[in-house]
Structure formats: C-alpha cells, structure tokens
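Per-entry structural report
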Amino acid sequence: MIIKNAKVYTPEHRFQVQDLTIRNGRIVSDADPLENEEIIDATGLTALPGLVDIHFHGAVGHDFCDADEAGLQAIADFEASRGILAICPATMTFSEEILNGIADVAAAHKNEKGADLVGINMEGPYISPKRIGAQNPKYVQGADVEMFRRLQKRSNGLFKLVDIAPEEPGNMEFIKACHDEVRISLAHTCTDYDTAKEAFASGASHMTHLYNAMFGINHRDPGPIIAALEDGAEVELITDGVHIHPAMVRFTFHTFGDDKVILIADSMEAAGLPDGQYQLGGQAVTVTGPRAVLTEHPDTIAGSATCLFDCMKRAVLDMGIPLESAVRAASENPAKSIGVDADYGSLAEGRYGNVILVDDALNIKSVIQKGVVL
C-alpha cells in the first residue's frame, strides 16, 4: 500500500506532506511501486500513528476483568475502529485467584483482529485503602513480590505496569525488588513528597492518572506530583473533560513536557454506548454524557466513558494542546513506556503500518492496520 500526499506526523514530531509506503505490514522508505499496489490518495488529510492506550478497563458493554475472550475481542474491535491499535488494558483491585483468570484469558488471546493486546496494566490491589476511588476495598492488600511473579509467569510476561501506593507497609520493598522486571507506577496513594521521592529513587518511574486519587500540590507540602516532576517521571492524563480541568492539562504539558505526558482513556464498559447503568469492578456505575460515577457514591468518578482518540481530540480542540504534542502523548510516549515502541506508536521506518487518516476537524476518515484498511 502507498498512502499519497498525506500530511504525515513524522518521527521528529512535526507534520510534513509526503507519501507513506507499507510492505508486509510495516512502514518502509524508498521502495519502488509494486504492480497492482493499493494506492490511497490522502490529499487534504493528516496521517497519524495508530494510538496506544496503556490504561483503560473496557468498552461496548465489556470489561477486561470479565476474563472473557469474546468480550476481550469486542473491546479490541471497538478500540481499533477508533484508531487505537495497541492496547494494554488495566485490571481492577482483585484477589490473586480472580487476577489469575484475567491473566489466563489475556495470555491465550491471539491478536488475529482488532487492536493488538500488547500488555496488562495491574492497577490493583497494591493501593491505599484511603484512596480507593472506584476500586473495591475488599481486595486491597500489601504488595507481594511472589504473587506478582506468579501472575507474570501465568500471563506469559504481559504485565507491563504495576500500580503501587508506596507509603503502605512493605510496598517500598516491592519497588526495590521488581522495578527491573516491570514499570512501577505510583497510584491511589496518600504518599507525601518525601515518600514519593524515595519511591522514585527506589525504581518507580510512572504516575497513574495524575492528580486523581493522590494529594495535590501545596506550597508547604508539595506532595507526589512535584516529586514526579523533579525526578523525571512520566505521567498519565485523562483528558475526557471530566477528570481534569483544561487549565491543569495545559499546565501539565508545559511543566512536564510533551515527552513525559501519556494520554489515557481510563474508560470503562460504557465507552461506545449510550447513557445508562453499567458496572466497574463489580460496583454499579451511572453514566451521563462523558461522566461516569459510582451509583451509590455519585461524588466518586468511576473511570471515563470516552475512548483515547476522543480524549486526544478533546485535548486539542477544547484544551488548547498542540496537535503535535497530543499525538505524541497518545502514541509514541505510551508505546515507549511499556516497551513496545519498536512496533507501535510511530510512523517511522520499520514500525507497523498503523495509520489513522483524519480531516482538519480530527474526524476519522480511515483506519489502516498493518497496511490493511479496516
């Protein structure tokens, strides 16, 4: 396939009108045209790399934690239709027995169609019971190195992120023991600045849904966000228009830099569906527009009802983030974070031919996966 005359998002993070050639599913340069080659005239369109979502829970009525292959495939198909071509869905706070079933289904998944499953984000159960958010407090526990290694073996190495509240007993030891095996993220935590600094010094390098389920910034008690900034941690942002004020989104890009920000959807099973009653981690959720809340605790946000592409689009159109920065934060940065950037997250030579063609209003005109139009 040759995509001609597109305004292409280059590996240098800028746009340039050029052709994209895909051979055997991957992007190549300076290749001679082939007989009967598929030609796409993309004049007037922008070519973005397929997006990479490293933190979301479900879509179209299915939750990753249902541990159901048909549900996982439905999620993968929906995500691909929205230009998200690599996924690392998140577990909830559950027991090892329940997590075993989730790991088994993920390990058996074949990636034959839809978004490629490239990892698992372990959002619980090693979190703070005082910052539970929409997680289930019944299953919260201290971090357990051997438990994690059992799960990692069971999943065939799919766990790419583990979330930790570093102030909880024994959790700092987990960071020291496992940071070379998996990326450690601070999450659902009551940590102060000093403990967060110790966690980053011990090997943590990531912040889960920044600003949510953690202390904010105070001039006499700077908290974990400033620790993350000082230690060069990468930070997740949910730009659904509900979780974070647009001014804080702009502040984060300006302070951390667009090489450290990772856009995530944190979507639950309502993504792609109308308003109504849903569930997350076994708890009832009410969805109204983009807002999802626990039905019994309506002040508690329960993930989002928005996919990553729409989060990226909203960051650009509603929050004033430059398109170049938003695309980087939704593709290359997450791919690098979980170590799949040799294949995903960029339109550089050698990467998969995963391309989203959009118009100037960021409406999707075509999704191409490994050189095949979906």
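What you are looking at is a predicted structure, and each value in this text was computed from that prediction instead of being measured.

1. A closer look at the sheet that holds strand β11 (residues 116–117)
Spatial ordering of the open sheet is given by β6-β9-β11, a layout of three strands whose pairing is parallel. Strand pairing shows two members of the sheet lacking a second neighbour, β6 (51–53) and β11, which therefore form its edges. Alignment of β6 against strand β9 (residues 84–87), held across three bridges, turns out to be parallel. When the bridges of β9 are listed, Asp53 appears paired with Ile87.

2. Observations concerning the packing of aromatic side chains
Counted by the stated rule, this structure contains six aromatic pairs. Pairing Phe148 with Phe174 gives two aromatic rings, centres 5.9 Å apart and planes at 75°, and the pair type is edge-to-face. Separated by 26 residues along the polypeptide, Phe148 in helix α3 (residues 145–154) and Phe174 in helix α4 (residues 171–178) bring together distant segments of the chain. By the burial criterion, Phe148 is buried, and Phe174 matches it. Put simply, the rings of Tyr126, Phe148, Phe159 and Phe174 touch in pairs and so form one group of aromatic residues. The ring of Tyr352 carries the charged tip of Arg26 above its face, separated from the ring centre by 4.0 Å. The ring of Tyr352 has Lys370 sitting right over it, with the charged end atom 4.5 Å from the ring centre.

3. A word on the pairing of strand β23 (residues 364–369)
Relative to β23, strand β22 (residues 355–358) runs antiparallel, the two being bridged by four bridges. Residue pairing across strands places Ile356 opposite Val367, the latter belonging to β23. Where β22 hands over to β23, the hairpin turn is made up of five residues, of which Leu362 adopts a positive phi near 65°. As paired elements, β23 and strand β24 (residues 372–373) share two bridges and run antiparallel to each other. Across the sheet, residue Ile368 finds its bridge partner in β24, namely Val373.

4. As for the pairing of strand β5 (residues 46–49)
The alternating pattern of β5 places Thr46 and Leu48 and Ala47 and Pro49 on opposite faces, both of which are buried. Note: strand β1 (residues 2–9) against β5, two bridges, orientation parallel. For Val8, the partnering residue across the bridge sits in β5 and is Ala47. Sheet topology places β5 next to β22; four bridges connect them, and they run antiparallel. Directly across from Leu48, in β22, lies its bridge partner Ile356.

5. A closer look at the nonpolar core
Formed by 94 residues in total, the largest nonpolar core has its most connected members in Phe174 and Leu263. Broken down by element, the residue count for this core peaks at six residues, all from helix α8 (residues 308–317). Not counting residues within four places of it along the chain, the set of residues in contact with Phe174 comprises Tyr126, Ala143, Asp144, Val145, Phe148, Val162, Ile164, His179 and Ile184. If you look at the next biggest cluster of nonpolar residues, it comprises 15 residues, including Val8, Ile22, Ala47 and Val355.

6. Things to note about helix α5 (residues 193–202)
Side chains that are three or four residues apart share a direction in an α-helix, a result of its 3.6 residues per turn. Every buried residue of α5 is accounted for by Thr195, Ala196, Ala199, Phe200 and Ser202. Along α5, the residues classed as buried sweep out an arc of 160° about the axis, all on the same side. Along α5, the residues that are exposed and aim more than 90 degrees away from the buried face are Asp194 and Ala201. Where α5 is buried, its residues meet α4, β14 (183–186), β15 (206–207) and α6 (223–230). Of the residues trailing α5, Gly203 is marked for its positive phi of about 130°.

7. Some details on the layout of surface pockets
Here the largest pocket defines a volume of roughly 240 Å³. Surrounding the largest pocket, 19 residues form its lining, Gly133, Ala134, His188, His209 and Ile301 being those nearest its centre. Here the element with the most residues in the lining of the largest pocket is strand β21 (residues 301–304); it accounts for three residues. Split into classes, the residues belonging to the lining of the largest pocket amount to seven nonpolar, nine polar and three charged.

8. Brief notes about the packing of α8 against helix α9 (residues 323–330)
Two numbers describe how α8 lies on α9: the axes approach to 9 Å, and their chain directions differ by 155°. On the basis of the axis angle, α8 is roughly antiparallel to α9. Remark: the crossing between α8 and α9 carries right-handed chirality. Contacts between α8 and α9 pair Leu308, Met312 and Val316 from the former with Leu323, Ala326, Val327 and Ala330 from the latter.

9. Observations concerning the environment of Ala59
Turning to its location among the elements, Ala59 is positioned in strand β7 (residues 58–59). A relative accessible area of 0% places Ala59 in the buried class. In this structure, the C-alpha to C-alpha distance between Ala59 and Met312, residues 253 residues apart in sequence, is 17 Å. Once residues within four sequence positions are removed from consideration, Ala59 is found in contact with Ile75, Phe78, Glu79, Met268, Glu269 and Ala271.

Each value, and the rule that gives it
- Residues numbered from 1 in each chain as written.
- Predicted model: local features only at pLDDT ≥ 70, side-chain atom pairs only at ≥ 80, totals over all residues.
- Heavy atoms only, no water.
- Pairing = 2+ DSSP bridges.
- Helix = DSSP H or I, 4+ residues; strand = E, 2+ residues; numbered from the N terminus.
- Phe/Tyr/Trp six-rings, centres within 6.5 Å; stacked < 30°, edge-to-face > 60°.
- Buried < 20%, exposed > 50% of the residue type's maximum accessible area, 1.4 Å probe, protein only.
- Lys NZ or Arg CZ within 6 Å of the ring centre and 35° of its normal.
- Core = buried A, V, L, I, M, F, W, Y, C linked by side-chain atoms within 4.5 Å.
- Contact = heavy atoms within 4.5 Å.
- Arc of directions from axis to C-beta.
- 1 Å grid on protein atoms, 1.4 Å probe; cavity = no way out; pocket = protein on both sides within 12 Å on 5 of 7 lines; lining within 4 Å.
- Points joined across faces, edges and corners; volume = space filled by probe spheres on them.
- Nonpolar A, V, L, I, M, F, W, Y, C, P; charged D, E, K, R; others polar.
- Axes fitted to C-alpha atoms, helices over the stretch in contact; angles between N-to-C directions.
- Parallel < 35°, antiparallel > 145°, perpendicular 65-115°, else oblique.
- Left-handed = near helix turned anticlockwise from the far one by under 90°.

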